[in-house]
Structures are given as structure tokens and as C-alpha cells.
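So you can see what is in the structure, the chains are spelled out below.
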Amino acid sequence: MPERSRASSAHISPSAHYTGYVWYRHHLAEPAFVTAFGRFVHKLLWPVTWGARAGFGLDIEAFLLQRHLQIDAQLTEAIEQQGVRQVVEIACGLSPRGRRFCCRYPQLRYLEADLPAMAARKRLLLHGEGWLDGRHQVRAVDILAERGNQRLSALFADLDRTQPVVVITEGLVNYFPLTLIEGFWSRLASELGEFPAATYLTELYPDLREHPRYRQLRWGVELIGRLTRGSYPLHYRNHDEIIAGFQRCGFAVVQVLDPSADAVSLGLPPARLPGLVRVIQART
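Residues numbered from 1 in each chain as written. Predicted model: local features only at pLDDT ≥ 70, side-chain atom pairs only at ≥ 80, totals over all residues. Heavy atoms only, no water.

## What about the packing of aromatic side chains?
Counted according to the given criterion, the structure contains 8 aromatic pairs. Taking the centre distance of 5.9 Å and the plane angle of 25° together, the rings of Phe 101 and Tyr 105 count as stacked. No difference in accessibility class separates Phe 101 from Tyr 105, as the two residues are buried. Among the aromatic residues, those joined into a cluster by ring pairs are Trp 185, Tyr 200, Phe 246 and Phe 251. In this arrangement the basic side chain of Arg 104 is found over the ring face of Phe 101, its NZ or CZ atom lying 4.6 Å from the centre. (Phe/Tyr/Trp six-rings, centres within 6.5 Å; stacked < 30°, edge-to-face > 60°. Buried < 20%, exposed > 50% of the residue type's maximum accessible area, 1.4 Å probe, protein only. Lys NZ or Arg CZ within 6 Å of the ring centre and 35° of its normal.)

## Comments concerning the packing of helix H4 (residues 60-82) against helix H5 (residues 97-104)
Closest axis-to-axis distance for the H4/H5 pair is 12 Å, and the angle between their directions is 30°. Helix-helix and strand crossings are classified by hand; for H4 and H5 the assignment is right-handed. Residues His 68, Ile 71, Asp 72, Leu 75, Thr 76 and Ile 79 of H4 pack against Arg 97, Arg 100, Phe 101 and Arg 104 of H5. Counted by class, the contact of H4 with H5 contains 4 nonpolar, 2 polar and 4 charged residues. (Axes fitted to C-alpha atoms, helices over the stretch in contact; angles between N-to-C directions. Helix = DSSP H or I, 4+ residues; strand = E, 2+ residues; numbered from the N terminus. Left-handed = near helix turned anticlockwise from the far one by under 90°. Contact = heavy atoms within 4.5 Å. Nonpolar A, V, L, I, M, F, W, Y, C, P; charged D, E, K, R; others polar.)

## Section: H5
Burial analysis of H5 places 6 of its 8 residues in the buried class, which makes it a mostly covered element. Turning to H5, its buried residues are Arg 97, Gly 98, Arg 99, Arg 100, Phe 101 and Cys 102. The inward-facing, buried residues of H5 contact H4, strand E1 (86-90), strand E2 (109-114), strand E3 (136-140) and strand E4 (165-169).

## A word on the layout of surface pockets
Rolled over the atoms, a probe as big as a water molecule pinpoints where empty space is left. The computed volume of the second largest pocket comes to approximately 380 Å³. Around the second largest pocket, the lining comprises 22 residues; the ones closest to its centre are Asp 59, Ala 62, Phe 63, Gln 66 and Pro 269. Of all the secondary-structure elements, those providing two or more residues to the lining of the second largest pocket are helix H3 (36-56) and H4. In terms of residues, the lining of the second largest pocket owes the most to one element, H4, which gives 6 residues. Tallied by class, the residues present in the lining of the second largest pocket amount to 11 nonpolar, 6 polar and 5 charged. (1 Å grid on protein atoms, 1.4 Å probe; cavity = no way out; pocket = protein on both sides within 12 Å on 5 of 7 lines; lining within 4 Å. Points joined across faces, edges and corners; volume = space filled by probe spheres on them.)

## Examining helix H6 (residues 116-128)
In this model H6 runs 18 Å from its N-terminal to its C-terminal C-alpha over 13 residues, within 8% of the 18 Å that 1.5 Å per residue would give. Taken together, the buried positions of H6 are Met 118, Ala 119, Lys 122, Leu 125 and Leu 126. Within H6, the buried residues cover an arc of 125° as seen down the axis, which keeps them to one side. Counted as exposed and oriented over 90 degrees from the buried face of H6: Ala 117, Leu 124, His 127 and Gly 128. Remark: Gly 130 follows H6 within two positions and exhibits a positive phi of approximately 75°. (Expected span 1.5 Å × (residues − 1). Arc of directions from axis to C-beta.)

Spatial relationships are all this shows, so hold off on functional conclusions.
Okay, structure coming up:
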């Protein structure tokens, strides 16, 4: 078990502070979601992000917004057109999505989950602002756990198995080797098979070697690895490989979305380059 024994989700947390500040900067989150560390990291990386944008047309914050708003759009559709009333956001970090959607849809039950330390921080944040109640909760989970009270089955135990559900992960997939993340997807698909209808929304960065900025992307990937004390592998070469991978894990219907193609409809400026991130909508 050498790969699994070394695997840990803990290195993701630093990036959660950075993205938390990005959501606030772009009016997607209240000030309570901002941390001093997130503000510091954003300021520290500003010369790098400015250089990538000015020199190569790679706008890191635009990529983050594309994926975030595309997932929002798919979730909105699930709630308004498919009658979804329960949502689970795993690796929630400092995402403001649960807060925004609970305000927008009073009928929604929203369960956020993350590793114990981050879950405790998020719970304290939401509780301190008076935003937690019976329908908006935070739990601890470890996506690599196959036993114990932090495993996936424990997280899903209190959900209504007679109603459809949406599960979201954002900013998670590319922090793990493909074999580990596919193991998580397989366990997730098994859990979602217990519901009459279930949708999984996530994003990933494929290994798009034909992209005109692939070399710069690799530099960025290495930088992310250093900053988060881990690695950042790119998964799959193209849409067909993505679909086949999710189907191997137990998802019956898989749709691959390129948020850069929908930038204008998402309220963003038109993309200057082909997109680097993909949003996956997978159904059991």
C-alpha cells in the first residue's frame, strides 16, 4: 500500500484560503469567508498571476471563476428543473456556495463536508454568522477513508434515500493520482446508486498537450504543487477518456462541459484562449 499510505488530503487546505479570497474579490462571498492567510497568498502570487495574464493570456482567476460558475449553473438547473432538494458539497473549504444557495432556495438541505480541521473552521465561520441551521450543516469526511465515521457512507447516512441528490467537489480532483481519485469516484457512485436520481458535479484539468499554452500550464502545475506541499497531476487526454474513466467508476451518463465556451452566458468576459478546465456532470 505505498501509494495509499502516503496519500493525504491535508495539502489541499492552503489553496482553499486562496480561492476563498478570490470568491470574495469577485462578489461571490461575504467578508466572513476571507482569511488573513488567503489575502496574504493572493498578494504573494499577484506578480505571478499578473505575468501569466499579461505574457501568455492565462488568467488564473478566470479559470477559477469559470469552473465555479459552471458548477453553479448546473446546480441551479438541477434544483429548478429536476426538483433536487438535497446537496452535498465535499471538500467544501471556504466555498460560499452553500451559503448562497441556501439563501436562494429556502427548501434546500445543504450538507458541507471536509477534513476535520477545515470542517471545524467552516462550521465555526457559519455558526458565528448565524448561518447554520437544521438544513445547512457541516460534517467531517475523508474521501480516502474506507472505514470509520469519516467515510462516505457515514456522510450520506442521514440523507433521504427517496429523494434525488446532487454531490459537488470543486478544487479536489487534481490533487490526487488518478488511481486514488477513481477509487473515490467508484465509492461515490456506489453510494449514489441508493438514490432514485443522483448527479455528481466536479471539475478537472485534463492533460491537454495540444493546448497552445501547455508549457506554461505545466509550470503552473509545478507551482501549485510547491505551494500546497503535494503534487497536481493532470487527468485524461481528452473528452472521450474522461467519459470512459467516469463510466468505469460506475457513472452511467457523463457530460463534459468546457466553461470557457459558456463564459458569456456565465456572466464572464469571452475567453481569449481555449479552456484548460472541464466541468463534469455524471449521473448514476
